[in-house]
Amino acid sequence: MEQFRAARQRAAVVREVAHPMLVLGSTQPSDLVAPDAMRERSVEVVRRRGGGGAVYLEPGGQLWVDAWIPRDDVLWSHDVSVAAEWVGQWWIEALAGVGVDVGVGVADGLSVHTGRSVPGALGDLVCFAGRGPGEVFVDGRKVVGLSQWRSREGALFSSCAYLHWDPAALLDLLSLDGEARSELAGELRDVAVGVGGLTPSMPELAGLRQRLVHAFPGIGVSGAS
């Protein structure tokens, strides 16, 4: 994140995940993680500066993009609840570009959550179970998760969409007993949907990545591991 603070122009970086990672929110306790499961699956634990619940990442399983907006940019907003709305619209434009029907063809269509965060019962545990400003939903299920980190220089928006949503992959890494894990898996099954489930002809993530790059409202798009 520090790499962006000196940037005077908006920029986006597509992040490539080289190995499995469990990303904890800034306030989540370290003892939430099951160390034996982490070692067995060779998963690294990292912590982001933004709040919210945990996210599981693995090579080829999701598209993760960081976007930086400096404070003097026209996209900057002092209102945290409004600041990320453009990110959701950016994703919807990219999804439309790869053939997803963003209107009535996808039931009620893709929409961007506006207003304050609504963690709900499980959002503080699992990121994709809550609702945050700028996140993209279809039929109440999250498609794109988002967190933001703000400094005096600007705001960094980290957004992520899964190819396929599988809550079990995340829950297996948390320190839970078997019964609790099973119950949570059932509760979380329908809180999100991967982009691969939006249309039968969904292209690979590489195609969506390219559309995001082309649709980004500015310059300075790159890739990073």
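All of these numbers come straight from a predicted model, not from anything done at the bench. (Residues numbered from 1 in each chain as written. Predicted model: local features only at pLDDT ≥ 70, side-chain atom pairs only at ≥ 80, totals over all residues. Heavy atoms only, no water.)

Visitor: Looking at this model, I keep getting lost on the side chain of Ser77. Mind explaining?
Guide: Among the secondary structure elements, Ser77 is positioned in the loop between β5 (62–70) and α2 (80–83). Residue class for Ser77 comes out buried when judged on its relative accessible area of 17%. Polar side-chain contacts of Ser77 include one of 3.2 Å to the backbone nitrogen of Asp79. In this view, Ser77 contacts Val82, Ala83 and Arg150; residues no more than four positions away in its chain are not counted. (Helix = DSSP H or I, 4+ residues; strand = E, 2+ residues; numbered from the N terminus. Buried < 20%, exposed > 50% of the residue type's maximum accessible area, 1.4 Å probe, protein only. Polar contact = N/O pair within 3.5 Å; in protein donor to acceptor, adjacent residues only side chain to side chain. Contact = heavy atoms within 4.5 Å.)

Visitor: Even after reading the chapter, I still don't get the environment of Val46, so can you show me in this structure?
Guide: With respect to the helices and strands, Val46 occurs in strand β3 (residues 44–47). Excluding anything up to four places from it in sequence, Val46 contacts Met21, Leu22, Val23 and Leu24.

Visitor: Mind showing me how you'd approach the sheet that holds strand β2 (residues 21–24) here?
Guide: Working definition: the strands of a sheet are paired by backbone hydrogen bonds and lie parallel or antiparallel to each other. Ordered by their spatial adjacency, 3 strands build an open sheet running β3-β2-β4, and the pairing between neighbours is mixed. Edge strands, defined here as strands with exactly one partner in the open sheet, are β3 and β4 (55–57). Taken over all neighbouring pairs, the strand axes of this sheet differ in orientation by 25° on average, direction set aside. Bridging between β2 and β3 involves 4 bridges; their strand directions are parallel. In the sheet register, Val23 faces β3, and the bridge partner there is Val46. (Pairing = 2+ DSSP bridges. Axes fitted to C-alpha atoms, helices over the stretch in contact; angles between N-to-C directions.)

Visitor: It is not clear to me how unusual backbone geometry should be interpreted in this structure. Could you clarify?
Guide: Glycine aside, negative phi is the norm for most residues, and most peptide bonds take the trans geometry. The residue Ser42 is not glycine, and still its phi comes out positive at about 55°. Following the sequence through the fold, Ser42 ends up in the loop between α1 (35–40) and β3. According to the relative accessible area criterion, Ser42 is exposed, its value standing at 55%. A positive phi is found at Asp139, a non-glycine position, where the angle reads about 50°. Of the residues examined, Asp139 reaches a relative accessible area of 41% and is grouped as partly exposed.

Honestly, it's all geometry; don't read function into it.
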